[in-house]
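Topology and contacts: notes
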Amino acid sequence: MKGIEAGFPRGGRTMKELKLGLALGAGGTKGAAHVGVLRVLDEAGIRVDAVAGTSIGALYGAAYAAGYTPQFMEAGIRDCPHRDVIRFFQHRLKLRHRNPLARRFYDALAGRQIENLEVPFACTASDIVEHCPVIIDHGPVIDAVEASIAIPFVARPVAHQGRYLLDGGFWDSAPVDAAQHIGADIVVAVELGDPYTLPEPLRRPASWVSNQLSGIARRRTLAGLPFTIGCIAREPVPGRTASIVLRPPISQHNGNSPSRMIQCMEAGAAAAEQALPAIRALLAGEALPALPPLYAARPATQTEGTTA
């Protein structure tokens, strides 16, 4: 385990042995909120038994599953120059690139296999051929995370395990199904936004445009165009239900705001603090206590995916 700061080691559990899983959603730089949630759980002595992530949630979730403490990740966020975050986007979100932020994550995750991580982990991505979400639960961590964070028009589709994959955030506000897939009984979802869908009158013409553009070579950056249009033209489908959904109040920030990362991290911590009584109650097999509206238990918006 790395990053031996306050709150380490991760606490044991004296409550009923239900497995707690986190489902960490998409959101770009707003994903710093995930680190705030992880820090609060760690300092409260609540052990996380499984972590699933999509997009930026996959990146932070993989680092946590590999043994890096929330305090270690928090220090990285506080010390990271904003220009390094911008360069990470400019360099197509590739962890193998030599920009400083990419190298931090590459050094942490290179050579690691998902099935050998300290905490069970899975991430979700989007199959641009089959137009469906995919759960990645084995294989090289670097490859899985690069597929999950491959934002269309920024990154090229990632060829992985026989599929062409892009960012997983099209389907999941948070990957609840992936957390359950790797063994979680209680799932806390951290949502930083909702997948976008077009108004109903625009869906049919958008689907037509998507079909007309489907011949673009799959390895080109523009291959994300017909896929993206097709995704936002689909009918929203209700998905799995999380035990508790945290929605930190950061909707005023966009997903490419390095200067707001610390604020997002603290908002995530505040949301987790308010949810601690509910999380403890569920792990003890008790009834869910009342929660403020932002942190209430409710369905997460997502569709069930296939497994890679």
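Values in this document were obtained by computation on a predicted structure and should not be read as measured data.

Quick notes on the overall build of the protein chain
Within the protein chain, the secondary structure is distributed over 10 helices and 9 strands. Within the protein chain, the fraction of its 308 residues that count as buried is 56%. Long-range contacts, defined as pairs at least 24 residues apart, comprise 77% of the intrachain contacts of the protein chain with a sequence gap of at least 6. With the model as given, the accessible surface of the protein chain reaches about 12700 Å², and the carbon-plus-sulfur share is 53%.

Thoughts on the side chain of Ser55
Looking at the element boundaries, Ser55 is found in the loop between β2 (50-54) and α2 (56-65). Those residues in contact with Ser55 that sit more than four places away from it in its chain are Ala26, Thr124, Ser148, Ile149 and Asp167.

Quick word on the packing of helix α8 (residues 200-212) against helix α9 (residues 224-232)
α9 packs onto α8 with a crossing angle of 160 degrees between their chain directions and a minimal axis gap of 8 Å. Taken as axis vectors, α8 and α9 run roughly antiparallel relative to one another. Considering how the two elements wind past one another, α8 and α9 form a crossing that is left-handed. Of the residues in α9, those in contact with Ala206, Val209 and Ser210 of α8 are Pro226, Ile229 and Gly230. Residue classes in the contact of α8 with α9 are distributed as 4 nonpolar, 2 polar and no charged.

Quick notes on the packing of aromatic side chains
Throughout the structure, instances matching the rule amount to 2 aromatic pairs. Arranged with centres 5.2 Å apart and planes meeting at 40 degrees, the rings of Tyr68 and Phe72 form a pair that is tilted. Residue Phe72 is classed as partly exposed on the basis of its relative accessible area, which comes to 39%.

Examining the environment of Arg156
By the secondary structure assignment, Arg156 is in the loop between α6 (141-148) and β5 (158-160). On a C-alpha basis, the gap between Arg156 and Ala223 in space is 7.6 Å, while along the polypeptide they are 67 residues apart.

Quick notes on the confidence of the model for the protein chain
Averaged over all residues, the pLDDT of the protein chain is 83; the fraction at 70 or higher stands at 84%. Across residues 1-16 the pLDDT falls below 50, and counting only partners more than four positions away or on other chains, this stretch makes 41 contacts in the model. Confidence over residues 296-304 falls short of pLDDT 50; this stretch has 46 contacts with residues more than four positions distant or in other chains.

Quick look at the pairing of β2
For β2, a buried count of 5 out of 5 residues is recorded, marking the element as mostly surrounded by other parts of the structure. Where burial is concerned, the two faces of β2 agree: the one with Ala50, Ala52 and Thr54 and the one with Val51 and Gly53 are both buried. Summarising the sheet, strand β1 (residues 20-24) and β2 pair through 4 bridges and their orientation is parallel. Each residue of the ladder has a partner; that of Leu22, found in β2, is Val51.

Let's talk about the nonpolar core
Core analysis: the biggest nonpolar cluster contains 83 residues, and Tyr60, Ile136, Leu246 and Ile279 have the highest contact counts within it. The leading source of residues in this core is helix α10 (residues 261-283), at 13 residues. If you look at the next biggest cluster of nonpolar residues, it comprises 15 residues, including Ala52, Ala178, Ala179 and Ala189.

Quick look at the packing of helix α1 (residues 32-43) against α10
Contact geometry of α1 with α10 gives a least axis separation of 6 Å together with a crossing angle of 40 degrees. Taken together, the axes of α1 and α10 are oblique relative to one another. Judged by the twist between their axes, the crossing of α1 over α10 is right-handed. Contact with α1, carried on its side by Ala32, Ala33, Val35, Gly36, Val37, Arg39, Val40 and Leu41, involves Met261, Cys264, Met265, Glu266, Gly268, Ala269, Ala272, Glu273, Leu276 and Ile279 of α10 and no other residues of that element.

Here is what the cut-offs are and how they apply
- Residues numbered from 1 in each chain as written.
- Predicted model: local features only at pLDDT ≥ 70, side-chain atom pairs only at ≥ 80, totals over all residues.
- Heavy atoms only, no water.
- Helix = DSSP H or I, 4+ residues; strand = E, 2+ residues; numbered from the N terminus.
- Buried < 20%, exposed > 50% of the residue type's maximum accessible area, 1.4 Å probe, protein only.
- Contact = heavy atoms within 4.5 Å.
- Areas by Shrake-Rupley, 256 points an atom, 1.4 Å probe, with all protein chains shown as cover.
- Axes fitted to C-alpha atoms, helices over the stretch in contact; angles between N-to-C directions.
- Parallel < 35°, antiparallel > 145°, perpendicular 65-115°, else oblique.
- Left-handed = near helix turned anticlockwise from the far one by under 90°.
- Nonpolar A, V, L, I, M, F, W, Y, C, P; charged D, E, K, R; others polar.
- Phe/Tyr/Trp six-rings, centres within 6.5 Å; stacked < 30°, edge-to-face > 60°.
- pLDDT = per-residue confidence, 0-100.
- Pairing = 2+ DSSP bridges.
- Core = buried A, V, L, I, M, F, W, Y, C linked by side-chain atoms within 4.5 Å.

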